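Chain residues, written in single-letter form:
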Amino acid sequence: MDILLIAGLWLDGSAWDDVVPELTKLGHRPVPLTLPGQGDGAASATLDDQLAAVLAAVDAAPGKPLVVGHSVASTLAWLAGDARPEKVAKVALIGGFPAADGRAYADHFAIEGGAMPFPGWDLFEGPDAADLDQQARDRFASAAVPVPEAVARGVVRLTDERRFDVPVVVVCPEFTPTQAEEWIAAGESPELARATHLDYVDLDSGHWPMTTRPRELARVLSEAADSWGVSDK
């Protein structure tokens, strides 16, 4: 199965470099995406531009792909399911929940000079970054790409309720499946609360498992792809 890999804020397609060979060994065709404005130099890119790039990859897949969104890009993966409910086999969300219709895509951090730069590690101390050593942190910070304001402040638009029938697996790195279930039950993700087929998978890592647990993450994604159509709410 084609597995489309969408990294979160400040990351380009190279974020998946250690995951791609593992997925290939497991018999899948990984397709890491470099989004407009996050690695291609398009400082004026919009959220619509990023979604268009994701949908182009979905449409180019020979079959129904697994669409993987990491962190904030969980929303992009969900938007792909909304726009192509008949084409997306399954959505995997790593360490994030999709934003609801009408909400800003990523209004969590400050905008400076028309872009959202990486804010530094102080905001991620604790479970998020506990498994990143100093070398990994320095490498991440030096490679981080400021996210264009029109992406970060873009408004999420969801239009097709068939998205709720697209199978979803929530990959839980810095939090547990139990916590994720509790948050969804408490109303923190109205979108996932309506998902018909919703699974949870535990992954012992911080917020960036593609860096610290690439082999384990690849196995989780491979199993999600292999179990397409076999899920429980």
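Quick summary incoming for the structure in this document. On a predicted model such as this, the values are computed, not experimentally measured, just so you know.

So, how was this worked out
- Residues numbered from 1 in each chain as written.
- Predicted model: local features only at pLDDT ≥ 70, side-chain atom pairs only at ≥ 80, totals over all residues.
- Heavy atoms only, no water.
- Axes fitted to C-alpha atoms, helices over the stretch in contact; angles between N-to-C directions.
- Helix = DSSP H or I, 4+ residues; strand = E, 2+ residues; numbered from the N terminus.
- Left-handed = near helix turned anticlockwise from the far one by under 90°.
- Contact = heavy atoms within 4.5 Å.
- Buried < 20%, exposed > 50% of the residue type's maximum accessible area, 1.4 Å probe, protein only.
- Arc of directions from axis to C-beta.
- Phe/Tyr/Trp six-rings, centres within 6.5 Å; stacked < 30°, edge-to-face > 60°.

Some remarks on the packing of helix 2 (residues 47-60) against helix 3 (residues 74-83)
Then comes step 1: Put simply, helix 2 and helix 3 touch, their axes get as near as 10 Å, and they point 65° apart. With respect to the hand of their crossing, helix 2 and helix 3 are arranged in right-handed fashion. Along the contact surface, helix 2 presents Leu47, Gln50, Leu51, Val54, Leu55 and Val58, while helix 3 presents Leu76, Leu79, Ala80 and Ala83.

Remarks on helix 6 (residues 177-185)
Then comes step 1: The set of residues buried in helix 6 consists of Pro177, Ala180 and Ile184. The buried residues of helix 6 all sit within an arc of 60° when viewed along its axis, so they share a single face.
Then comes step 2: Buried positions along helix 6 lie against strand 7 (168-172), helix 7 (190-193) and strand 8 (198-202).

What about the packing of aromatic side chains?
Then comes step 1: Counting across every chain of the model gives 16 aromatic pairs.
Then comes step 2: An angle of 65° between the planes, with centres 6.2 Å apart, marks the rings of Phe97 and Phe175 as edge-to-face. Note that Phe97 is positioned in the loop between strand 4 (90-94) and strand 5 (115-116) and Phe175 in the loop between strand 7 and helix 6, a separation of 78 residues in sequence.
Then comes step 3: According to the relative accessible area criterion, Phe97 is partly exposed, its value standing at 21%.
Then comes step 4: Look at Phe175 and you get buried, because its relative accessible area is 7%.
Then comes step 5: The interplanar angle of 70° and the centroid separation of 5.3 Å between the aromatic rings of Phe140 and Trp208 together place this pair among those described as edge-to-face. Here the residue Phe140 occupies a position in helix 4 (residues 134-143), and Trp208 occupies one in the loop between strand 8 and helix 8 (209-212), the gap between them amounting to 68 residues.

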